[in-house]
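Residues per chain are reported as follows:
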Amino acid sequence: MGPELRSHVAFHLTGKRLGAGLAALDGLDLRPGLLARYGDLTQLRYDFPLVLVAGRADEGCIQSLSGLMNGVLREIAPHGTEGERTRRHLLRLEREIRTLAASGTPGSLAQLWDAAAARIGTESDAALASSLRRARTALQVNGEVVDCTHELPVRLVTHAWNALQQRKTASFEQEIHRLIVKLSEILQTDFIRSDAGRSAPRLRAAVGAVMEDAFDFDAMSSVLARVSGKDPLPESRRQRVQWALAELKSHQSLAKAGAGWPDLKSYVFTSCRDALAAFRNRLPEIIDLVKAIAIAELEIEGGYLEATHDPFFADFDETSVGAKDLGLLPDYLVCIRSENLHALENAELTEILASEVPIKVVVQIGDILEAPSLRAGHLGFAASAAQLGKMAIGLGTVYVLQSSSSHLYQMRRQILDGLRYAGPALFSTFAGSPRAAPALPPYLLAAAAMQSRAFPAFTYDPAAGADWASRFSLDQNPQPEADWPAFEFGYEDEAHQSVSEQLAFTFVDFVACDPRYARHFAVVPRAEWNGSMVPVGGSLTGDASAVSGKVPYLQLVNGDHVLQRALVDEKLLAAAHRSREMWHSLQELGGVRSSQSERLLARERKVWEEQKQREIEALKREAKPVTPAAPALPPAATPAAPAAKPAAAEAEPEKLSDDPYIETPRCTTCNECTNLNNRMFAYDANKQAVIADINAGTYRELVEAAESCQVSIIHPGKPRNPNEPGIADLLKRAEPFL
């Protein structure tokens, strides 16, 4: 082992750079190779910025700027020269709006549209001004424009929550109004049938002064007294209806004054403790309101039975209020940063999630990496906040959504599903922070976290079905069936030749984005690159023997787009292995892989192979020719010819070794031979290969089939045509299979 390799191995094992060859990563402005192409995001058309559209409570409340522009182009840009010019104009405007949003310029889409149009000079370009004017007319929506920033999760979820709660409160107020009208009609009807309601002054007031001289109200009162029913509303029922009506009107008056439940701002909190305290303080009012609604519905339908319902409502308390009742009222929203999740706040969060109360919690995580520390009680790189979503799934009744901020637009439907869920919901989101990766745009940092499996996206919806297949989903992750997503990475080598290879984006790539962990990397000079170095993706495979004695490295690119290699130390590699194992556990939950099924399949395959082997051995024994020993004859005797013929007729003819054949019982139905020549090779009734027509192909195809057979059961024998081209080479290739 040379000195250079020794220094590489030493760094990998100890994290210490020995000698002058290896360089520190600090201050070199390096980023993972797969992120090299994403320099200026404003030049790309992607999901961001978003437009938070007001007045909608569906997926349309969150729209992509690019999506809106595509819709406008479909409407106003026909095919041809004119349409292409309009398209270029509108895409230029879109790029300018994206630049304004990325620079932090606040405003609505209409405001940024005007600002962007002024910047690109519509005053001096009549065609451009005309295109944008037509596009502005076709644009039917407006809303706040937001980029993918470190504050996005709270802003986006709060916007969606507001849209849903406004619709809920409007519907609830209509229901309260309906109940008030119906209860008022019950009391009004009872009053009309009473003596006071039938009195002459009351009748005169009801008719009015215009027709006062046309009626004898005393006579009318006397007649009504004789024909009207004699049974007034029972006093207990009247009091019950009056109480329910007063409660409903009290709520309605508070709502009109802006001090009741529709005051949505009073339902948004920045700590779990405050949200729980507010819920408990409002609980007596909630109980009375739910009780009043229940009584009102029974009275309106005529279904209130005092013998049954009086005892029930006499003991009506918080235990009588269910999730359906709470679902009528606005949900509580808690927006909290992960750094504020101290011990007490964690306890309050756990209480909320276990309570089944419809409180929605948004945890905005700024950092999912934490330096290993034995003193702090953990040896991994992952911070505890990164595991919050997975821990919440264990409660079973909590809607859980975990996602990076870069992917929230793609998961807007799942966000709305969580906000509509009747119980508690947790939105665990990673948005990053300036201190974690100051040189990387928030979108790239968040996307890197999800792509690297450091913060995978998933949803758990208890209302979606009775099994895990219905409730849990990993579909939003790239290549969910793989340990790490792999992408094409192209570059130009020293000989100016184009090189392309598949690179896995791993947990190590994500850590390399954070300068706080630069000490776990060492840059290797180009002269020291050697065959003992292996890409980090290869070292994170399950087969440790394949990379034994190799030193893992990461492909990095500097600000001048020059390719670099950085060694990775053992501590970080171990953390990447743990990240992979955690991803495997999520794959198990999502049905992407199942270790139990794999174990069962391996056991059944072994049993099947053993059985097939026994069958093959039995067939070989049956097919083996038996040559009977010749009987001893006296010297003078000669064998009679007729006696030998029956024996020859009874013996099975021996298969000539020169003929091709297939050990059919061992066939695994891999389709290799039938794909090569489906006339020469075919399947029997058991879906196992046989030689169907030896004359339908060549000896070359027989040899190629033998070479491609996964279980080596095809034997090509000797060639039928000794003059076939390349026969000498084919015979040599066929030798292992004869």
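Here the structure is a predicted model, which means the values were calculated and not measured.

Cut-offs applied
Residues numbered from 1 in each chain as written. Predicted model: local features only at pLDDT ≥ 70, side-chain atom pairs only at ≥ 80, totals over all residues. Heavy atoms only, no water. Helix = DSSP H or I, 4+ residues; strand = E, 2+ residues; numbered from the N terminus. Buried < 20%, exposed > 50% of the residue type's maximum accessible area, 1.4 Å probe, protein only. Contact = heavy atoms within 4.5 Å. Areas by Shrake-Rupley, 256 points an atom, 1.4 Å probe, with all protein chains shown as cover. Pairing = 2+ DSSP bridges. Axes fitted to C-alpha atoms, helices over the stretch in contact; angles between N-to-C directions. Parallel < 35°, antiparallel > 145°, perpendicular 65-115°, else oblique. Left-handed = near helix turned anticlockwise from the far one by under 90°. Right-handed = clockwise from strand over helix to strand, strands pointing away. Core = buried A, V, L, I, M, F, W, Y, C linked by side-chain atoms within 4.5 Å. Expected span 1.5 Å × (residues − 1). Disulfide = S-S within 2.5 Å. Phe/Tyr/Trp six-rings, centres within 6.5 Å; stacked < 30°, edge-to-face > 60°. Lys NZ or Arg CZ within 6 Å of the ring centre and 35° of its normal. Salt bridge = Lys/Arg side-chain N within 4 Å of Asp/Glu carboxyl O. Arc of directions from axis to C-beta. pLDDT = per-residue confidence, 0-100.

Attention now goes to the overall build of the protein. Along its length, the protein carries 26 helices and 22 strands. The 738 residues of the protein split such that 43% are buried. Intrachain contacts of the protein at a sequence separation of at least 6 include 70% that bridge at least 24 residues. Looking at the protein as shown, the accessible area adds up to about 38,400 Å², and 53% of this sits on carbon and sulfur atoms.

This part covers the sheet that holds strand β3 (residues 50–53). Within the open sheet, the three strands sit side by side as β4-β3-β5. Their pairing is antiparallel. This sheet does not close on itself; its edge strands, each paired only once, are β4 (62–64) and β5 (143–146). On average, each strand axis in the sheet is tilted by 30 degrees relative to the strand beside it, whichever way the strands run. Summarising the sheet, β3 and β4 pair through three bridges and their orientation is antiparallel. Counterpart to leucine 50 in the pairing with β4 is serine 64.

Below, the discussion takes up the packing of helix α25 (residues 699–708) against helix α26 (residues 727–734). Close contact between α25 and α26 brings their axes to 10 Å; oriented N to C, the two are set at 30 degrees. On the basis of their axis angle, the class for α25 and α26 is roughly parallel. Where α25 crosses over α26, the two elements pack in a sense that is left-handed. Where α25 abuts α26, its residues Tyr699, Arg700, Val703, Glu704 and Glu707 lie against Ile727, Leu730, Leu731, Arg733 and Ala734.

Taking burial as the measure, the six residues of strand β9 (residues 399–404) include six buried ones, the bulk of the element. What you see with β9 is no split at all: Tyr399, Leu401 and Ser403 on one side and Val400, Gln402 and Ser404 on the other are buried throughout. The sheet contact formed by β9 and strand β10 (residues 425–430) spans six bridges and is parallel. Among the inter-strand pairings, serine 403 is bridged to a residue of β10, identified as threonine 429. The handedness of the β9 to β10 crossover, carried by helix α16 (residues 412–420), is right-handed.

Glancing now at the nonpolar core. Leu248, Val361, Ile368, Phe507, Phe510 and Phe521 are the most contacted members of the largest nonpolar core, which totals 136 residues. At 14 residues, the largest contribution of residues to this core is made by helix α11 (residues 272–301). Look past the residues within four positions of leucine 248 in its chain and what remains in contact with it is Ile176, Leu179, Ile180, Leu183, Leu289, Ala292, Ile293 and Ala296. Leu65, Leu68, Ile76 and Leu132 belong to the second-largest nonpolar core, a separate cluster that totals 26 residues.

We now examine helix α21 (residues 570–590). Compared with the 30 Å implied by 1.5 Å per residue over 21 residues, the 30 Å span of α21 between its first and last C-alpha is a close match. The set of residues buried in α21 consists of Leu572, Leu573, Ala575, Ala576, Ser579, Arg580, Trp583, His584, Leu586 and Gln587. Of the residues one or two after α21, glycine 591 is the one with positive phi, at around 75 degrees.

What follows deals with the state of the cysteines. The tally for this structure, following the rule as stated, stands at zero disulfides. Note on cysteine 670: no disulfide assigned, nearest cysteine sulfur contributed by cysteine 709 at a separation of 5.6 Å.

Under the criterion given, the structure shown has 17 aromatic pairs. Taken together, a centroid distance of 6.3 Å and an interplanar angle of 45 degrees make the contact between tyrosine 46 and phenylalanine 48 tilted. Judged by centre distance (5.7 Å) and plane angle (80 degrees), the ring pair of phenylalanine 312 and phenylalanine 316 falls under edge-to-face. With a relative accessible area of 43%, phenylalanine 312 lands in the partly exposed category. Put simply, the rings of Tyr267, Phe269, Phe279 and Tyr332 touch in pairs and so form one group of aromatic residues. One residue, arginine 240, lies across the ring of tyrosine 304, its end atom 3.8 Å from the ring centre. Stacked on the ring of tryptophan 583, the Lys or Arg arginine 453 has its end atom at 4.1 Å from the ring centre.

On to the pattern of salt bridges, then. A complete count under the given rule lists 31 salt bridges for this structure. A salt bridge links glutamate 94 to arginine 98; the shortest N-O distance between them is 2.9 Å. Remark: arginine 98 and glutamate 94 occur in helix α3 (residues 81–102); sequence separation between them is four residues, near one turn of the helix. As far as burial versus exposure is concerned, glutamate 94 and arginine 98 are alike and both buried. With a closest N to O distance of 2.1 Å, glutamate 144 and arginine 155 form a salt bridge.

With mixed pairing, seven strands are arranged side by side in an open sheet as β6-β7-β8-β10-β9-β11-β12. A single partner strand is all that each edge strand has here, and the edge strands are β6 (268–269) and β12 (472–473). Of the pairings in the sheet, the one linking strand β8 (residues 359–365) to β10 comprises six bridges and is parallel in character. Counted as the bridge partner of glutamine 364 is threonine 429 from β10. Those strands touched by α16 are β8, β9, β10 and β11 (458–460), and its axis lies near 150 degrees from that of β9.

As for its position among the elements, aspartate 190 is in helix α6 (residues 152–192). Setting aside residues no more than four positions away along its own chain, aspartate 190 makes contact with Pro232, Leu233 and Arg238.

Attention shifts here to helix α4 (residues 109–119). Note on helix geometry: an α-helix contains 3.6 residues per turn, so any two residues three or four positions apart are oriented the same way. Residues of α4 that are buried: Leu109, Ala110, Leu112, Trp113, Ala116 and Ala117. Down the axis, α4 shows its buried residues gathered within 165 degrees of arc, on one side only. Structural note: α4 exposes Gln111, Ala118 and Arg119 on the side pointing more than 90 degrees away from its buried face. Tucked into the core, α4 has its buried residues touching β3, α2 (65–76), α3, α5 (126–138) and β5. In the segment just after α4, glycine 121 is the residue with positive phi, at about 80 degrees.

This part takes up the confidence of the model for the protein. Overall, the prediction assigns the protein a mean pLDDT of 87, with 87% of residues at 70 or greater. Note that pLDDT drops below 50 for residues 374–378; the model gives that stretch five contacts with residues more than four away or on any other chain. pLDDT under 50 marks residues 632–656. Its contacts with residues more than four places away, or in other chains, come to three contacts.

In this structure, proline 49 follows phenylalanine 48 across a cis peptide bond, with omega equal to 0 degrees. Counting through the fold element by element, proline 49 comes out in the loop between β2 (31–32) and β3. Of note in this structure, threonine 669 is not a glycine but carries a positive phi near 55 degrees.

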